[in-house]
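Survey of secondary and tertiary structure
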Amino acid sequence: MLRPSPAPAPALRSVLAALGSPTAVHEARTPALRAAQGPLSPELPLPVHVLGVAGAPGQTPRIRLAGWRFLIRSGGRAIAAADTMLTPDGWSFSHFFEGPYVTATERALLQAEALPVPYQPRLLSVPELYMQTLWLHADPEADGATAAPAAADLLVPLAPAPPGIAAHRAYQIADLLPVLSTRLAPPPLMGSPAPA
């Protein structure tokens, strides 16, 4: 079962304003959003955290909050998503998008909903690997903006996932983060000793 964290009110307001703006919707590169019939609603806000490049293999990677994502539903299914970002003036709308991660997010959320333990859903993006994961935080009452992972957290890579990492399979965070950290670490310089 999932217990989403509430999004900041200004983030939701900015998405609602963008959905109400014919210019924002019609200029978006989202054919499904432009062609949607009937009402569009932003649902299931997910904090989007970014996994930063670690300095060397074995170091703990940096995780920071980058924004909030809302799935845009029409006719009972997610057809697009809206991202918000933090600006000097507060949370504001960033952009609409569609594609495989929207469908994969909805699928992973449905799978997670069937788990017997409650989790707080988040997204963890790994830009350098072109990877998105559903981050199931073990403390469903935590502030969604906090970036500290817990030992009982799960990561579910969304399709398409990088080679060697199975999409839509739940990994313990302690098992997957070291793999990602190793892939993100800069290669050793010529003549440097190999990492242990």
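As the structure is a prediction and not an experimental result, all values here were calculated from the model.

Turning next to the packing of aromatic side chains. By the definition in use, this model includes 1 aromatic pair. Measuring from ring centre to ring centre gives 4.7 Å for F93 and F96, while their planes differ by 50°; the resulting arrangement is tilted. Since its relative accessible area comes to 22%, F93 is described here as partly exposed. A residue is classified by how much of its surface remains accessible, and F96, at 8% relative accessible area, is buried. The ring centre of W135 lies 4.8 Å from the NZ or CZ of R122, which sits over that ring. Positioned above the aromatic ring of Y171 is the side chain of R169, whose terminal nitrogen or guanidinium carbon lies 4.2 Å from the ring centre.

Turning our eyes to something else, we now look at the pattern of salt bridges. Following the criterion strictly, the structure yields 4 salt bridges and no others. Residue R3 is joined to E141 by a salt bridge in which the shortest nitrogen-to-oxygen separation is 3.4 Å. Of this pair, R3 sits in the segment before α1 (9–19) while E141 sits in the loop between β6 (131–137) and β7 (154–157); the two residues are 138 residues apart in sequence, bridging distant segments of the chain. With relative accessibility at 36%, the residue R3 sits in the partly exposed group. Overall, the relative accessible area of 61% leaves E141 in the exposed class. In this structure, R73 and E43 form a salt bridge, with 3.3 Å as the shortest nitrogen-oxygen distance. Within this pair, whereas R73 is found in strand β2 (residues 63–74), its partner E43 is found in strand β1 (residues 41–51), the two being separated by 30 residues in sequence. One salt-bridge network, held together by shared partners, links E43, R73 and E106.

Quick look at the sheet that holds strand β3 (residues 77–87) now. Spatial strand order, β4-β3-β2-β1-β5-β6-β7-β8: 8 strands in an open sheet with mixed pairing. Only two strands of the sheet have a single partner each, and these edge strands are β4 (90–97) and β8 (171–172). Bridge analysis of β6 against β7 gives 4 bridges, and the strand direction is antiparallel. Directly across from L136, in β7, lies its bridge partner L154. Contacts between α1 and the sheet are confined to β1, β2, β3 and β4, with β4 contributing the most and set at about 45° to the helix.

Bringing the pairing of β4 into the picture now. Relative to β4, β3 runs antiparallel, the two sharing 7 bridges. By the bridge assignment, T87 is partnered in β4 with G90. Following β3, the chain reverses through 2 residues before pairing antiparallel with β4.

About the cut-offs
The numbering scheme is per chain: residues are counted from 1 as the chain's sequence reads. For a predicted model such as this one, the threshold for reporting local features is a pLDDT of at least 70, and the threshold for listing and counting side-chain atom pairs is 80 or more; totals across whole chains, interfaces and linings nevertheless cover every residue. Where side-chain values are given, they derive from all heavy atoms of the structure, hydrogens and water being excluded. Here the aromatic set is Phe, Tyr and Trp, taking the six-membered ring for Trp, and pairing holds for ring centres within 6.5 Å; pairs whose planes are under 30 degrees apart are stacked, those over 60 apart are edge-to-face, and all others are tilted. For each residue, the accessible area found with a 1.4 Å probe, counting protein chains only, is set against the maximum for its type, and the residue is called buried under 20%, exposed over 50%, and partly exposed in between. The criterion is that NZ of a Lys, or CZ of an Arg, lies within 6 Å of the ring centre and within 35 degrees of the ring normal, and then a charge sits over that ring. By salt bridge we mean one thing: a side-chain nitrogen of Lys or Arg within 4 Å of a carboxyl oxygen of Asp or Glu. Runs of H or I in DSSP of at least four residues are treated as helices and runs of E of at least two as strands, each being numbered from the N terminus. For two strands to be treated as a pair, DSSP must find no fewer than two bridges joining them. The contact criterion used is simple: two residues touch if any of their non-hydrogen atoms lie within 4.5 Å. To get an axis, a line is fitted to the C-alpha atoms, and for a helix only the part in contact is used. The angle between two axes follows their N-to-C directions and goes from 0 to 180 degrees.

Read these as layout, nothing more, since geometry by itself doesn't imply function.
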